[in-house]
Amino acid sequence: MGFNYPQGFSPQQGLDFAINFCQQAYYQDYIFRGEKQSDGQPYVFTEPQHYEMMYEIWGIDEIWHEDQGTVPFGFVARERKTNNVVFAIRGTEGDIEWAEDLFESDQIACPVANSKGLVHQGFGNIYETLTYQPATSNSLTPPAIGSGDKLSQVLSGTSAVSITGHSLGSALATLLALDVALNTKTPITQIYTFASPRVGDPDFVTQYNGLVPADSYRIANVWDIVPHTPPEILFTIDHEWHYQHVNSYCPVDGGETIDVVTSHGLAAYEAGLKKLLT
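These lines cover the structure that appears in this document, whether it is placed above or below. Here the structure is a predicted model, which means the values were calculated and not measured.

**Some points on the overall build of the chain**
Moving on, step 1. When its secondary structure is counted, the chain shows eight helices and 12 strands.
Moving on, step 2. The C-alpha atoms of the chain give a radius of gyration of 17 Å, which matches the 19 Å a tight globule of 278 residues would have.
Moving on, step 3. Dimensions of the chain, computed from C-alpha atoms along their principal axes, come out at roughly 45 × 45 × 40 Å.
Moving on, step 4. Sorting the 278 residues of the chain into buried and exposed places 52% on the buried side.
Moving on, step 5. Looking at the chain alone, contacts between residues at least 24 apart form 75% of all its contacts between residues at least 6 apart.
Moving on, step 6. Counting only carbon and sulfur atoms, one obtains 48% of the accessible surface of the chain, whose full area is about 12,400 Å².
Moving on, step 7. Averaging the locations of the 13 positively and 33 negatively charged side chains of the chain gives two centres separated by 11 Å.

**Quick word on the state of the cysteines**
Moving on, step 1. Considering all chains together, one arrives at zero disulfides under this definition.
Moving on, step 2. Cysteine 22 takes part in no disulfide bond, and the closest cysteine sulfur, belonging to cysteine 250, lies 14 Å away.
Moving on, step 3. Taking relative accessible area as the criterion, cysteine 250 reaches 0% and is therefore assigned buried.

**Here we look at the pairing of strand β8 (residues 188-194)**
Moving on, step 1. Burial runs high along β8: six of the seven residues are buried.
Moving on, step 2. Note: strand β7 (residues 161-166) against β8, six bridges, orientation parallel. Pairing of threonine 164 across the sheet is with tyrosine 192, part of β8.
Moving on, step 3. In this fold, β7 hands off to helix α5 (residues 168-183), which returns the chain to β8; that crossover is right-handed.
Moving on, step 4. You can see the chain leave β8, run along helix α6 (residues 202-211) and come back into strand β9 (residues 216-221), and the turn it takes is right-handed.

**Overview of unusual backbone geometry**
Moving on, step 1. Along the chain, threonine 229 connects to proline 230 via a cis peptide bond; the corresponding omega equals -20°.
Moving on, step 2. Tracing the sequence through the fold places proline 230 in the loop between β9 and β10 (233-235).
Moving on, step 3. A cis geometry characterises the amide bond from asparagine 247 onward to serine 248, with omega recorded as -15°.
Moving on, step 4. Within the element layout of this structure, serine 248 appears in the loop between β11 (240-242) and β12 (249-252).

**Focus: the environment of phenylalanine 194**
Moving on, step 1. By secondary structure assignment, the location of phenylalanine 194 is in strand β8.
Moving on, step 2. The class of phenylalanine 194 is buried, set by a relative accessible area of 0%.
Moving on, step 3. Between the C-alpha atoms of phenylalanine 194 and proline 142, which are 52 residues apart in sequence, the distance is 27 Å.
Moving on, step 4. Beyond its immediate sequence surroundings of up to four residues, phenylalanine 194 is in contact with Gly14, Phe17, Ala18, Cys22, Thr164, Gly165, His166, Ser167, Ser170, Ile219, Tyr269 and Leu273.

**A word on the pattern of salt bridges**
Moving on, step 1. A full pass over the atoms with the stated rule returns six salt bridges.
Moving on, step 2. Close ionic contact of arginine 80 with glutamate 47 constitutes a salt bridge, the shortest N to O distance being 4.0 Å. In this pair, arginine 80 is assigned in the loop between β2 (70-79) and β3 (85-89) and glutamate 47 in the loop between α1 (11-33) and β1 (51-60), connecting sequence segments 33 residues apart.
Moving on, step 3. By relative accessible area, which is 51% here, arginine 80 ends up exposed.
Moving on, step 4. Its salt-bridge partner being aspartate 253, residue lysine 275 comes within 3.6 Å of it at the nearest N-O pair. In this pair, lysine 275 is assigned in helix α8 (residues 266-276) and aspartate 253 in the loop between β12 and α7 (260-264), connecting sequence segments 22 residues apart.
Moving on, step 5. One salt-bridge network, in which partners are shared between bridges, spans Asp29, Arg33 and Arg90.

**Quick word on the packing of helix α3 (residues 121-129) against α5**
Moving on, step 1. Interhelical geometry of α3 versus α5 gives an angle of 65° and a closest axis separation of 10 Å. Crossing of α3 against α5: the hand is right-handed. On α5, the residues touching Phe123, Gly124, Ile126 and Tyr127 of α3 are Leu168, Ala171, Leu172, Leu175, Leu176 and Asp179.
Moving on, step 2. Grouping the amino acids of the contact of α3 with α5 by side-chain chemistry returns eight nonpolar, one polar and one charged.

Criteria and thresholds
- Residues numbered from 1 in each chain as written.
- Predicted model: local features only at pLDDT ≥ 70, side-chain atom pairs only at ≥ 80, totals over all residues.
- Heavy atoms only, no water.
- Helix = DSSP H or I, 4+ residues; strand = E, 2+ residues; numbered from the N terminus.
- Rg over C-alpha atoms; globule rule 2.2 N^0.38 Å.
- Buried < 20%, exposed > 50% of the residue type's maximum accessible area, 1.4 Å probe, protein only.
- Contact = heavy atoms within 4.5 Å.
- Areas by Shrake-Rupley, 256 points an atom, 1.4 Å probe, with all protein chains shown as cover.
- Lys, Arg positive; Asp, Glu negative; His and termini not counted.
- Charge placed at Lys NZ, Arg CZ, Asp CG, Glu CD.
- Disulfide = S-S within 2.5 Å.
- Pairing = 2+ DSSP bridges.
- Right-handed = clockwise from strand over helix to strand, strands pointing away.
- Salt bridge = Lys/Arg side-chain N within 4 Å of Asp/Glu carboxyl O.
- Axes fitted to C-alpha atoms, helices over the stretch in contact; angles between N-to-C directions.
- Left-handed = near helix turned anticlockwise from the far one by under 90°.
- Nonpolar A, V, L, I, M, F, W, Y, C, P; charged D, E, K, R; others polar.

As structure tokens, then:
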């Protein structure tokens, strides 16, 4: 397959975010839930090289199934030599059933202060619950209700911010990017999202594309169904909702398969990026 890519897109940078940030955000969740690797060994969270953990990101996971309470969604890490920070947000890699809910959801006003437009209600509801907990020991201890620092405090004294996420995490990363652009003075260096569904309506997308820097790369495996959800026009019982994707589309070939879980998994995205490096 021959693809065209926006200026500035780096497969190597995307691979670095996928492996060293998004995957580690998943490991946080696996450790918190007590999941084991296929060989029975526990997962181990490893800080990305040259970075140090600043914050754990927590939120209430209640969109797809039962309310699972407050769970880890990722982390914020600071690059030691530059004081730049990276936000990494995990998604729902192993559970494709949540995609069905994307066909059944209303929209709500975007929860980001000073924003415009409507967003998928599930994404918006989770984003409002995200809290940033100073991470002194990566203890993965659920925070007390109402605790945590605000986004402005997290970014205080930082030079620039990069944002990455996979699946549901990419939708939350998109909302976060708009929040940073609208409500802080911290410049955004780059955004790499993987397997993102459509997040909001045309008004939301217009504001995002106008405010967020051009270095925003939405990577989609051509065999993955999730980037095609919700549909551009979504009919519910009493309403017609409209969705669009944000910039900029970066397709990869993660390997032909009819297995929807495999095509959506982070490993397929890593495979697709590696093909671009050969």
